[in-house]
Amino acid sequence: MKYFINSTADYHQHDLTSLGWELTVCNSLEPLNSPCRKILSSPGSFGVHLYNFLKTIVPFNDVHSILEIGGGMGYLMCDFLNLNPQLKSKMIDISPYLLNKQKETLQSFDVAFELADILTVPLKSLAVFDLVIMNENLGDLPTWVAGPEKESDTAPGNEHMTGKLKYFNTKYNLPLGLSENEHINIGAIETVEKLCLAGIKYIYLSEHSCEAVVPEYIKPFISLVPSGSPEMISLKGHKEFTVKFSYLQKIAKVLKYNTWRGPFADFLPLNFSDKVKTALRLKTPFTDEQEIIRQFVYDLFKYEYLVLTKGDKK
Ligand SMILES: C[S@@+](CC[C@H](N)C(=O)[O-])C[C@H]1O[C@@H](n2cnc3c(N)ncnc32)[C@H](O)[C@@H]1O
């Protein structure tokens, strides 16, 4: 199989001037009057829900420093620091525009900021953090897109790619490159390996998943059949890919991490009211609110999280 590289780096470094084009679940829960908050069992921002969920896995008295990679508008970190002001924190982002937004959002806290592509950040400088957060951004990292020979003939470094695939397949017993036409979340794979090799005690990751399944009670309302391999999503100015979480989980397990995995709905529990059911049942929504609810509920199940804790604490 031959591959060409899909990278969003150029877009994030030079062209991104708004996150409005890709409304993240985190951002959709930020406004106090967000219709998305109203359909959760308890209204609250994304960061507050996530922090309370992580508390059930991560002993926060053991967490003194936190790094968020690709923090968008900085809302998640703002919630974490309001809940736990003792945390020594840092934000790394590839986008100068978003890093500036984070500086505005977090101006009342003592936070360090670094403009960098996470793939170029040395392992040593990551190793100082107790907790690393990567929310809704693994799919932005480079993907190797499987394509017909003709297309990839011009792509450089296929030998280098083969070498890398061999390395990951041997070390982690993965079948990368063996399925015809399967795209490879190489950036996510390398980043998870780097975070684990850096020995970070606690890691939280999330992204839209190509392996997401919906529970029985939602099946009559949402059609979500997992394709099982990374799917392309076209967005303004760039393309992202859904993530194959089972591979990331396997890498973490080989590197002796405990893993917790599931849909966002685990920590953003839905109040499955008649209002929600009506919005989901409609073929064409009547109101903007119904449309927002449909997208949000879909995202609650399409997005997966993966929490990794180092060692034998389970
Ligand atoms: C879809 S946004 C998610 C933002 C935020 N985490 C949220 O959930 O709202 C992706 C974020 O990852 C950042 N990002 C993308 N590629 C990156 C890379 N290679 N290194 C560091 N940050 C990156 C983007 O600039 C942006 O802040």
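The text that follows walks through the structure, step by step, so that each part is easy to find. (Residues numbered from 1 in each chain as written. Predicted model: local features only at pLDDT ≥ 70, side-chain atom pairs only at ≥ 80, totals over all residues.)

**What to know about the environment of Leu248**
- Within the secondary structure, Leu248 is located in helix H11 (residues 245-254).
- As a C-alpha pair, Leu248 and Leu205 span 43 residues in sequence and 9.8 Å in three-dimensional space. (Helix = DSSP H or I, 4+ residues; strand = E, 2+ residues; numbered from the N terminus.)

**Considerations on unusual backbone geometry**
- Of note in this structure, Glu136 is not a glycine but carries a positive phi near 55°.
- With respect to the helices, strands and loops of the structure, Glu136 is situated in the loop between strand S5 (131-134) and strand S6 (143-147).
- The class for Glu136 is buried, based on 24 C-beta atoms found within 10 Å.
- The phi torsion at Asn173 lies on the positive side, around 55°, for a residue other than glycine.
- Along the chain, Asn173 turns up in the loop between helix H9 (158-172) and helix H10 (186-197).
- For Asn173, a count of 10 C-beta atoms within 10 Å translates into the label exposed. (Buried ≥ 20, exposed ≤ 12 C-beta atoms within 10 Å, placed from the backbone.)

**Structural notes on the site of the ligand**
- Among the 23 residues in the neighbourhood of the ligand, the closest are listed as Thr24, Gly70, Gly72, Ser95 and Asn137.
- If you list the elements that add at least two residues to the shell around the ligand, you get helix H2 (25-28) and strand S3 (88-93). (Near = placed C-beta within 6 Å.)

**A look at the packing of H10 against H11**
- At a closest axis distance of 10 Å, the pairing of H10 and H11 adopts a crossing angle of 25°. Comparing the axis directions of H10 and H11 gives the class roughly parallel. Between H10 and H11 lies a crossing whose hand is right-handed. Residue-level contacts link Ala188, Ile189, Val192, Glu193 and Cys196 of H10 to Tyr247, Leu248, Ile251 and Ala252 of H11.
- The residue makeup of the contact of H10 with H11, split by class, is eight nonpolar, no polar and one charged. (Axes fitted to C-alpha atoms, helices over the stretch in contact; angles between N-to-C directions. Parallel < 35°, antiparallel > 145°, perpendicular 65-115°, else oblique. Left-handed = near helix turned anticlockwise from the far one by under 90°. Contact = placed C-beta atoms within 7 Å. Nonpolar A, V, L, I, M, F, W, Y, C, P; charged D, E, K, R; others polar.)

**Some details on H11**
- Buried within H11 are the following residues: Phe245, Tyr247, Leu248, Gln249, Ile251 and Ala252.
- Among the residues trailing H11, Lys256 stands out with phi positive, at a value near 70°.

**Details of the packing of helix H4 (residues 46-54) against helix H5 (residues 75-83)**
- At a minimum axis separation of 8 Å, H4 and H5 run at an interaxial angle of 55°. With respect to H5, the axis of H4 lies oblique. The two elements H4 and H5 meet at a crossing, and its hand is right-handed. Counted together, Phe46, Gly47, Val48, Leu50 and Tyr51 of H4 and Tyr75, Leu76, Cys78, Asp79, Phe80 and Leu83 of H5 form the full contact between these two elements.
- In terms of residue class, the contact of H4 with H5 is built from nine nonpolar, one polar and one charged.

**Remarks on the sheet that holds S3**
- If you trace the seven strands from one edge of the open sheet to the other, you get S4-S3-S2-S5-S7-S11-S10, paired in mixed fashion. The strands lining the two open edges of the sheet, one partner per strand, are strand S4 (111-115) and strand S10 (257-263). The sheet shows a mean angle of 15° between the axes of neighbouring strands, direction not considered.
- The pairing of strand S2 (residues 65-69) with S3 spans five bridges and is classified as parallel. Residue pairing across strands places Ser65 opposite Lys88, the latter belonging to S3. (Pairing = 2+ DSSP bridges.)

**Notes on the pairing of strand S7 (residues 202-208)**
- Within S7, seven of the seven residues are buried, which leaves the element mostly enclosed by the surrounding structure.
- As judged from the seven bridges shared by S7 and strand S11 (residues 303-310), these two strands associate in the antiparallel manner. Note on S11: the bridge partner recorded for Ser206 is Tyr305.

**So, the pairing of S2**
- Of all five residues that make up S2, four are buried, and the element is covered over most of its length.
- Pairing of S2 with S5 involves three bridges; the strand directions are parallel. In the sheet register, Glu68 faces S5, and the bridge partner there is Ile133.

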